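# Residue-level structure breakdown
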Amino acid sequence: MVDVSTIVTIIYSIPIILIPRFRHRLHAFTINTCITMLCCSIYWFVYCIMTIVNVHQFYQLSTCSIVLYTQIMCTLQVPLALMVVSIHRLCCVVHYAKTFFKTKLWISVCILCQWLVGILISLPTIIRNPTICAMPFWMNYYVLMIIIIIPVLLYIIINVIIFKYVQSSTRRIQPRTETMVVDNNSVQQLKLNRRDIHLLRHMIIMFFVFVIGWCPIYITTVVNAHIPVDLLILKILSLLAEISLFCNVIDLFLYSHDLRQFLKSMVMPCYHS
């Protein structure tokens, strides 16, 4: 499942990067989301292979810290990439008169900050037991907090603020529209809200698909630090996490109608020939 997610993510990313007509500024966020999911997929693909081939080689004491750090950092970047879209939109909605928040530079700043935050807050996971390749039991709580709990709380707060602001703005503009006394900026802002809200809802769905898939395995990891959990249960929950990642990749295709049509036009001639 993980290797399929990796391949599909690459197929999705290449046209957006290489073909000019797909290079809309908002596509930078979808590309960024693809890259984070690609990093996550590659790590867990390598993890699955190494655990099958030689798990002890993969978890040597000399490389244990970097392996555990990479695991948490790659997984964390996925919810952060989805969250940064909401943060970007929040700034655009609240400060719609400021052109900086509509520029590619601002989008680049958002994405760069997302990666830096993920890299930095994952650093404590380097702390481990010096005699075995495992994190201290309290670190499992920290990982659950940074990957699931804190992102969910922040995501809900940010999007509630956005929807309330958009709703109040729409109510303020509506009476002026009915009396035909409305300025172009207000109309344009209303249109932007309606257009971008579709992307926002799409990212919200992806975010909660990620949470539903990954939350059980991290909660079980915390429980396993105190009470042994059956290995079969851990494998089933790991599969659920992989399925959620795959569903998010497929969801990107479902969202991008133009990209689907382009890929279809490329594949169909080969199929008929």
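Analysis parameters
- Residues numbered from 1 in each chain as written.
- Predicted model: local features only at pLDDT ≥ 70, side-chain atom pairs only at ≥ 80, totals over all residues.
- Heavy atoms only, no water.
- Helix = DSSP H or I, 4+ residues; strand = E, 2+ residues; numbered from the N terminus.
- Buried < 20%, exposed > 50% of the residue type's maximum accessible area, 1.4 Å probe, protein only.
- Contact = heavy atoms within 4.5 Å.
- Areas by Shrake-Rupley, 256 points an atom, 1.4 Å probe, with all protein chains shown as cover.
- Polar contact = N/O pair within 3.5 Å; in protein donor to acceptor, adjacent residues only side chain to side chain.
- Expected span 1.5 Å × (residues − 1).
- Bend = angle between axes of the 7 residues up to and from the residue.
- Core = buried A, V, L, I, M, F, W, Y, C linked by side-chain atoms within 4.5 Å.
- pLDDT = per-residue confidence, 0-100.
- Phe/Tyr/Trp six-rings, centres within 6.5 Å; stacked < 30°, edge-to-face > 60°.

## A look at the overall build of the chain
Secondary structure assignment for the chain yields eight helices and zero strands. The buried share among the 273 residues of the chain stands at 44%. The long-range share in the chain, meaning contacts at least 24 apart out of those at least 6 apart in sequence, stands at 78%. Of the accessible surface of the chain, which amounts to about 14800 Å², a share of 73% is contributed by carbon and sulfur atoms.

## Re the side chain of Thr 220
As for its position among the elements, Thr 220 is in helix α6 (residues 184-224). Among the polar contacts made by the side chain of Thr 220, one reaches the main-chain carbonyl oxygen of Pro 216 at a distance of 2.6 Å. Residues within four places of Thr 220 in sequence aside, it is in contact with Val 229, Leu 234 and Leu 237.

## Regarding helix α3 (residues 64-94)
With 31 residues, α3 should reach 45 Å at 1.5 Å per residue; the first-to-last C-alpha distance of 44 Å fits that figure. Along α3, the sharpest change in direction is near 25° and occurs at Gln 77; proline Pro 79 comes one to four residues later. Among the 31 residues that make up α3, 26 are buried, leaving the element largely enclosed by the rest of the structure.

## Some points on the nonpolar core
Of all hydrophobic cores here, the largest spans 63 residues; its most connected members are Ile 147, Ile 148, Trp 214 and Tyr 218. At the level of secondary structure, the elements contributing two or more residues to this core comprise α2 (27-58), α3, α4 (104-121), α5 (137-178), α6 and α7 (231-255). Non-local contacts of Trp 214, meaning those with residues more than four positions away in its chain, are made with Cys 40, Trp 44, Thr 75, Ile 148, Ala 241 and Ser 244.

## Some details on the confidence of the model for the chain
On average, the chain scores 79 in pLDDT, and the residues at 70 or more come to 74%. The least confident element of the chain is helix α8 (residues 257-272), whose mean pLDDT is 65; the most confident is α4, at 94. Scored below 50 in pLDDT, residues 186-192 shows 12 contacts in the model against residues more than four places distant or in partner chains.

## Concerning the side chain of Ser 122
Relative to the helices and strands, Ser 122 resides in the loop between α4 and α5. For Ser 122, a relative accessible area of 0% puts it in the buried group. Aside from chain neighbours lying at most four places away, what touches Ser 122 is Tyr 69, Ile 72, Met 73 and Leu 76.

## Notes on the packing of aromatic side chains
Aromatic ring pairs: the centre-centre distance and the angle between the two ring planes describe each pair. Here the structure, examined in full by the defined rule, presents 10 aromatic pairs. On the basis of an interplanar angle of 50° and a centroid distance of 5.8 Å, the ring pair of Trp 44 and Trp 214 is categorised as tilted. Within this pair, whereas Trp 44 is found in helix α2, its partner Trp 214 is found in helix α6, the two being separated by 170 residues in sequence. Measuring from ring centre to ring centre gives 6.3 Å for Trp 214 and Tyr 218, while their planes differ by 25°; the resulting arrangement is stacked. With Trp 214 and Tyr 218 both in helix α6 and four residues apart, this pair spans about one turn of that helix. Residue Trp 214 is classed as buried on the basis of its relative accessible area of 4%. Grouping aromatic residues by their ring pairs yields a cluster made of Tyr 43, Trp 44, Phe 210, Trp 214 and Tyr 218.

## Here's the deal with the environment of Val 8
Mapped onto the fold, Val 8 is located in helix α1 (residues 2-18). Of the residues examined, Val 8 reaches a relative accessible area of 15% and is grouped as buried. Separated by 245 residues in sequence, Val 8 and Phe 253 have C-alpha atoms that sit 9.3 Å apart. Leaving out residues up to four positions away in the same chain, Val 8 has contacts with Phe 246, Val 249, Ile 250 and Phe 253.

## Examining α7
The terminal C-alpha atoms of α7 lie 36 Å apart, and with 25 residues this matches the ideal 36 Å at 1.5 Å per residue to within 8%. Of the residues making up α7, those classed as buried are Leu 234, Leu 237, Ala 241, Glu 242, Ser 244, Leu 245, Asn 248, Val 249, Asp 251, Leu 252 and Phe 253. Among the residues of α7, the N-terminal cap falls to Asp 230, whose side-chain oxygen and the backbone nitrogen of Leu 232 are separated by 2.8 Å.

## Describing the environment of Ser 238
Relative to the helices and strands, Ser 238 resides in helix α7. A residue is classified by how much of its surface remains accessible, and Ser 238, at 29% relative accessible area, is partly exposed.

## Examining the environment of Tyr 141
Assignment of secondary structure puts Tyr 141 in helix α5. For Tyr 141, a relative accessible area of 38% translates into the label partly exposed. Setting aside anything within four residues of it in sequence, one finds Tyr 141 in contact with Val 222 and His 226. Looking at Tyr 141, its side chain comes within polar contact range of the side chain of His 226, at 2.8 Å.

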